[in-house]
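Architecture at a glance
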Amino acid sequence: MGYSGARGGLAAILAAEELVRTERDHAPDPPVSTGQITGRFRLAVDRVQGEAGLYHEETSADAFRQAEGDTLEAAHLVRAHRSTLPQLARSLPVDPDDMVVARRIVPAHRTPDGPQLLGRTTDYTGRMLQRDADPGPPPPDPAPAAARTDAQRHPGRFSAFLRSADLLVEHPRDESEPFDVTRRPARPPAPRSAVLASMARAETGALVGLWYRSILGPDGDIHEVTLGEVRHGRLPLQVTHPHTGRPVRIGWFRASEAEAIEDLDGADEDRSRFDVGYGLVFGHNERKAIAMANLDVACRRFGRSGPLEQLLLMTTDGLDSAGFLEHLKLPHYVTFRSMVERKRAVRASGPAARTTEPAGRDCR
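Residues numbered from 1 in each chain as written. Predicted model: local features only at pLDDT ≥ 70, side-chain atom pairs only at ≥ 80, totals over all residues. Heavy atoms only, no water.

Next up on the list: helix H3 (residues 42-52). Counting buried positions along H3 yields 9 of 11 residues, so the element is predominantly enclosed. Residues Arg42, Ala44, Val45, Asp46, Val48, Gln49, Gly50, Glu51 and Ala52 constitute the buried set of H3. Count one or two residues on from H3 and you reach Gly53, which has phi positive near 75 degrees. (Buried < 20%, exposed > 50% of the residue type's maximum accessible area, 1.4 Å probe, protein only. Helix = DSSP H or I, 4+ residues; strand = E, 2+ residues; numbered from the N terminus.)

For the rest of this paragraph, the subject is the nonpolar core. The biggest cluster of nonpolar side chains holds 27 residues, and the ones touching the most others in it are Ala186, Met199, Leu207, Met292, Leu295, Leu308 and Leu312. Contributing elements (two or more residues each) for this core: helix H8 (192-200), helix H9 (204-215), strand E3 (247-263), helix H10 (286-301) and helix H11 (307-314). The element best represented in this core is H10, accounting for 7 residues. Excluding its chain neighbours within four sequence positions, the residues that come into contact with Leu308 are Leu210, Leu295, Ala298 and Cys299. Among the nonpolar cores identified, the runner-up in size contains 9 residues, and Val48, Ala52, Ala63 and Leu319 belong to it. (Core = buried A, V, L, I, M, F, W, Y, C linked by side-chain atoms within 4.5 Å. Contact = heavy atoms within 4.5 Å.)

What follows concerns the pairing of E3. Both strand E2 (residues 226-240) and E3 contribute to a ladder of 14 bridges, which runs antiparallel. Paired with Glu229 across the strands is Glu259, a residue of E3. Remark: 6 residues form the turn of the hairpin made by E2 and E3, two consecutive strands paired antiparallel; Gly245 in that turn has positive phi of roughly 75 degrees. Where E3 meets strand E4 (residues 274-282), 9 bridges bridge the pair, whose relative direction is antiparallel. Paired with Ala255 across the strands is Phe282, a residue of E4. (Pairing = 2+ DSSP bridges.)

Further remarks concern the packing of H8 against H11. Where H8 meets H11, the closest approach of the two axes is 8 Å, and the angle between their N-to-C directions is 50 degrees. Compared by their axis directions, H8 and H11 come out oblique. Relative to H11, the crossing made by H8 is left-handed. Judged by residue contacts, Ala194, Val195, Ser198 and Met199 of H8 engage Glu309, Leu312 and Leu313 from H11. Partitioning the contact of H8 with H11 into residue classes produces 5 nonpolar, 1 polar and 1 charged. (Axes fitted to C-alpha atoms, helices over the stretch in contact; angles between N-to-C directions. Parallel < 35°, antiparallel > 145°, perpendicular 65-115°, else oblique. Left-handed = near helix turned anticlockwise from the far one by under 90°. Nonpolar A, V, L, I, M, F, W, Y, C, P; charged D, E, K, R; others polar.)

With that out of the way, let us pick up unusual backbone geometry. A cis geometry characterises the amide bond from Pro188 onward to Pro189, with omega recorded as -5 degrees. One can find Pro189 in the loop between helix H7 (158-164) and H8. Phi angles above zero are rare outside glycine, and Glu68 is one such case at about 60 degrees. With respect to the helices, strands and loops of the structure, Glu68 is situated in the loop between helix H4 (57-66) and helix H5 (71-82). Glu68 sits in the exposed class, given a relative accessible area of 55%.

Spatial strand order, E1-E2-E3-E4: 4 strands in an open sheet with antiparallel pairing. The open sheet terminates on both sides in strands that have one partner only, identified here as strand E1 (100-105) and E4. Averaged over all pairs of adjacent strands, the angle between strand axes in this sheet comes to 25 degrees, irrespective of strand direction. Where H10 meets the sheet, its contacts fall on E1, E2, E3 and E4, and the angle it forms with E4 comes to roughly 140 degrees.

It is worth spelling out the packing of aromatic side chains at this point. Centre-to-centre distance and the angle between the planes together describe a pair of aromatic rings. Applying the stated criterion across every chain yields a total of 6 aromatic pairs. For the pair Trp211 and Tyr212, a centre-to-centre distance of 6.2 Å together with 45 degrees between the ring planes defines the contact as tilted. The interplanar angle of 80 degrees and the centroid separation of 5.8 Å between the aromatic rings of Phe253 and Phe282 together place this pair among those described as edge-to-face. Separated by 29 residues along the polypeptide, Phe253 in strand E3 and Phe282 in strand E4 bring together distant segments of the chain. In this structure Phe282 comes out as partly exposed when scored by relative accessible area, which is 26%. By the ring-pair criterion, three or more aromatic residues cluster together here, those being Tyr55, Phe253 and Phe282. (Phe/Tyr/Trp six-rings, centres within 6.5 Å; stacked < 30°, edge-to-face > 60°.)

Before going further, it helps to examine helix H13 (residues 333-348). Compared with an ideal rise of 1.5 Å per residue, which puts 16 residues at 22 Å, H13 spans 22 Å between its outermost C-alpha atoms and is within 8% of the ideal. Gly350 occupies a position one or two residues after H13 and carries a positive phi of about 105 degrees. (Expected span 1.5 Å × (residues − 1).)

On to the side chain of Arg231. With respect to the element layout, Arg231 can be found in strand E2. Among the polar contacts listed, one links the side chain of Arg231 to the backbone oxygen of Pro155, at a separation of 2.9 Å. One polar contact links Arg231 to Glu229, side chain to side chain, over a distance of 2.4 Å. The residues touching Arg231, leaving out its near neighbours within four places in the chain, are Met99, Val101, Arg103, Arg104, Pro155, Gly156, Arg157, Ala255, Ser256 and Glu257. (Polar contact = N/O pair within 3.5 Å; in protein donor to acceptor, adjacent residues only side chain to side chain.)

We now examine the environment of Arg148. Mapped onto the elements, Arg148 comes out in the loop between E1 and helix H6 (150-153). A C-alpha to C-alpha distance of 45 Å links Arg148 and Gly306, two positions 158 residues apart in sequence. If near-sequence neighbours (up to four positions away) are discounted, Arg148 is found in contact with Leu117 and Arg153.

Here's what the structure looks like:
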């Protein structure tokens, strides 16, 4: 493609950037602090953390403020910042069963092993807009709840119940080193770890849209989808101590987890069992985790290296797709001028050159 500098050159570019900073940093309203953003816009902050691939609430909040609420631009800023950070250590693999659960729902079973914890959610309330910025008086303190036991904070999985009933297809365990999508791009055919990592950093809307298309039949009907379990809670972050060589916990991070149950009905599938897809993402982003779990099992069913895997690896990254879209706003004077000149050349060649017959068509 041919590019040309913007009219006005560097002075115009600097003036445009200064206008952004002036409007953002010198607005009549008081600036929003980092703490206010993490407290008031927690879901947006979690979305930035997940799509950027860096778990640090304050950094994501600062990027969200600088991007003026554009979560995709904020993720871009955090990824750029992430690339400048030194790698001090590699964390140890985390066992999802170590999650201290704050929210856990099992839509597929009325009385699952362990409690149903609704947690903090608006899933069961009406979508009514509240225009009054004043929150009013605080609600009365709720009745004290009984302290949850360790078993309630670490409930058994619904998939474990299905496995105990011999209703799950067993897949060979992958013992290979996880694919690091932050170090090199993943291209089909790719291991499952690369597909899962790509989905974990994918743009939420792109992943949800691709999932919805994958279950939407040609006549508009929805293929049956069953959600086994959704969790949100804290997971321990562990590294190897440099002196003792033992695992040591250096902190916690929040994550959302989902398991999707697939009813096997293919000609070469075991129709007496189910398959389960898995999703795990940073922060509280259940929508993304659910889409990820469903696409994981769909990718396995329809074969690796297929169209779905290609879409997941190459089209769901928000920074890639948005970057290509944004570049269209750059000056393309040279490119478009060459297109105009080709059109004029065709017109000058006469009517016969203006149309072409499709290849293989009988032109008699």
